[in-house]
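Here are the chains, one letter per residue:
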Amino acid sequence: NYPITVIAGENPNYTVTVVPGELEITKAAMTDEQADAEGFNVVYDGNTHSISIVNTIGATVSYRKDGEEVSPEALNVADSLEGVEVTFTHPNYADKTVIVDKIITPKEVTITADDKTKVYGTADPELTATVNGAVEGETLSYTLSRVEGEDVGNYPITVIAGENPNYTVTV
């Protein structure tokens, strides 16, 4: 609120009473071009993803879920959140809140036991597997075993997937 003052000039035939006024400037609404947010829904790729922000007016931005402050970023499937409230605050504009999701879904990966051979009476070869679909440089958790037996024949090699929260594992 800003005062409006009246300054009376010389009025010899009048007794002038001055009554000041007030100019009220109210907050403007934020437009999408001034402040907006966009979430993401991506398959796990080992990279950090962040909520995209448009903030052309220099507003303060906060990120909340159920009243608690949260990060706008996500790296792992466990960091996913639906319904993040992105609030823009500026002294000259009415607050604006946009609801977005930050979702990372598990990446599909296949672990295939490699076929092996050995000659009767010798030690088992090292059991190995091939992993297809994992993010480069990442190692998945799994174990390998084979059905017991030493007679000539075929023995299935089994892959047992461990805990790999960023992946949907097919063995």
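Keep in mind that this is a model prediction, so the values were computed, not measured.

Caption draft 1: Highlighting the overall build of the chain. Of regular secondary structure, the chain possesses zero helices and 16 strands. In terms of overall dimensions, the chain has a C-alpha envelope of 130 × 25 × 20 Å along the principal axes. Looking at the chain as a whole, 21% of its 171 residues are labelled buried. Long-range pairs, those at least 24 residues apart, make up 50% of the contacts in the chain with a sequence separation of at least 6. Counting only carbon and sulfur atoms, one obtains 48% of the accessible surface of the chain, whose full area is about 11800 Å². Charged side chains in the chain number 9 positive and 28 negative. The centres of these two groups are separated by 5 Å.

Caption draft 2: Structural detail: the environment of Ala74. With respect to the helices and strands, Ala74 occurs in strand S9 (residues 73-74). By relative accessible area, which is 2% here, Ala74 ends up buried. Counting along the chain gives 23 residues from Ala74 to Ile51, while the straight-line C-alpha distance between them is 8.8 Å.

Caption draft 3: Quick peek at the nonpolar core. Ranked by internal contacts, the top residues of the largest apolar core, which has 25 residues, are Ala37, Ile51, Val84, Val86, Phe88 and Val100. Of all the secondary-structure elements, those providing two or more residues to this core are strand S3 (35-38), strand S10 (81-90), strand S11 (93-105) and strand S12 (107-113). The element that contributes the greatest number of residues to this core is S11, accounting for four residues. Excluding residues within four positions of it along the chain, Val86 makes contact with Ala37, Ile51, Ile53, Val61, Ser62, Tyr63, Lys96, Thr97, Val98 and Val100.

Calculation rules
- Residues numbered from 1 in each chain as written.
- Predicted model: local features only at pLDDT ≥ 70, side-chain atom pairs only at ≥ 80, totals over all residues.
- Heavy atoms only, no water.
- Helix = DSSP H or I, 4+ residues; strand = E, 2+ residues; numbered from the N terminus.
- Buried < 20%, exposed > 50% of the residue type's maximum accessible area, 1.4 Å probe, protein only.
- Contact = heavy atoms within 4.5 Å.
- Areas by Shrake-Rupley, 256 points an atom, 1.4 Å probe, with all protein chains shown as cover.
- Lys, Arg positive; Asp, Glu negative; His and termini not counted.
- Charge placed at Lys NZ, Arg CZ, Asp CG, Glu CD.
- Core = buried A, V, L, I, M, F, W, Y, C linked by side-chain atoms within 4.5 Å.

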